[in-house]
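Listed below, chain by chain, are the residues.
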Amino acid sequence: MREPKFSGKKSTISVNFHRTVVVGGLKVRVELEPGCWVRGARLGLMANHPVAGSARLTTRRTFEKATPADLDAMIRRLRAAKCRYAGCKNPNLVGDGREPGNPKAYCERHRLKDIVTAAAKVQAEIDVKQAIVDAAWRGKGYRYKATVWIHRDDRDDEAVVLYLKDKPTPARLRQEARRRKSRILDDVHVERL
Ligand SMILES: [Zn+2]
């Protein structure tokens, strides 16, 4: 990437700065936080380790005023703590403050596992609500549920759900897709209630 100039002066830190440092026996890659070199932005660093995860380092210094000594001082604050997941012996990389993407201070494996678990919980809640809706339609005599995906160039893909008493024919579903100006007419899914 090209080095930016600030008031005619070249910054003392390269926008391509990166360094590998050893923290608690771990080889950690440190690089500039994306975008921290734009005018007026504060210097920020992002440290990464495949097992210990990532950590941010922040400073009040703007990128244009910061010096390599600021980088060194920030990097010295990196620590390896123990993953907070009960029984886990993996390290967790710690920078300045709590990581918004890792509030439980887990190692990378447990952080990712936690995201999957949380997503599954949300999905389970959605499934329960959907099952209640489906049961209500079934109670009214509807036996089929068709999902018609609408693909349009002028907006995001959208699913249209139809409840039907009889099994819908492909032509019936295509008609629905055409009516909503989908450029794909047969992206449908039909299930029995
Ligand atoms: Zn862990």
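Parameters at a glance
- Residues numbered from 1 in each chain as written.
- Predicted model: local features only at pLDDT ≥ 70, side-chain atom pairs only at ≥ 80, totals over all residues.
- Domains from an automatic or database assignment.
- Pairing = 2+ DSSP bridges.
- Helix = DSSP H or I, 4+ residues; strand = E, 2+ residues; numbered from the N terminus.
- Axes fitted to C-alpha atoms, helices over the stretch in contact; angles between N-to-C directions.
- Contact = placed C-beta atoms within 7 Å.

A closer look at the domain arrangement of the chain
No. 1: Its domain assignment divides the chain into domain 1 (5-115) and domain 2 (141-192).
No. 2: In this structure, domain 1 and domain 2 have C-alpha centres spaced 47 Å apart.

Overview of the sheet that holds strand 11 (residues 188-192)
No. 1: Across the sheet, three strands lie side by side as 10-9-11; this open sheet has antiparallel pairing. Of all strands in the sheet, those bounded by a partner on one side alone are strand 10 (158-164) and strand 11. Recorded for the sheet is a direction-independent mean angle of 15 degrees between the axes of neighbouring strands.
No. 2: On top of the sheet, helix 3 (residues 170-179) reaches strand 9 (144-150), strand 10 and strand 11; it is set at about 40 degrees to strand 9, its chief contact.

Digging into unusual backbone geometry
No. 1: The phi dihedral of Ala105 is positive, around 55 degrees, even though this residue is not glycine.
No. 2: Examined against the element boundaries, Ala105 turns out to sit in the loop between strand 8 (91-94) and helix 2 (108-139).

Some points on the sheet that holds strand 6 (residues 53-62)
No. 1: With respect to topology, four strands assemble into an open sheet ordered 3-4-5-6, the strand pairing being antiparallel. What marks the edges here is a single partner per strand, and that holds for strand 3 (18-23) and strand 6. Recorded for the sheet is a direction-independent mean angle of 25 degrees between the axes of neighbouring strands.
No. 2: As paired strands, strand 4 (residues 26-32) and strand 5 (residues 42-49) are joined by four bridges and run antiparallel to one another. Residue pairing for strand 5: Glu31 is matched across the bridge by Met46.

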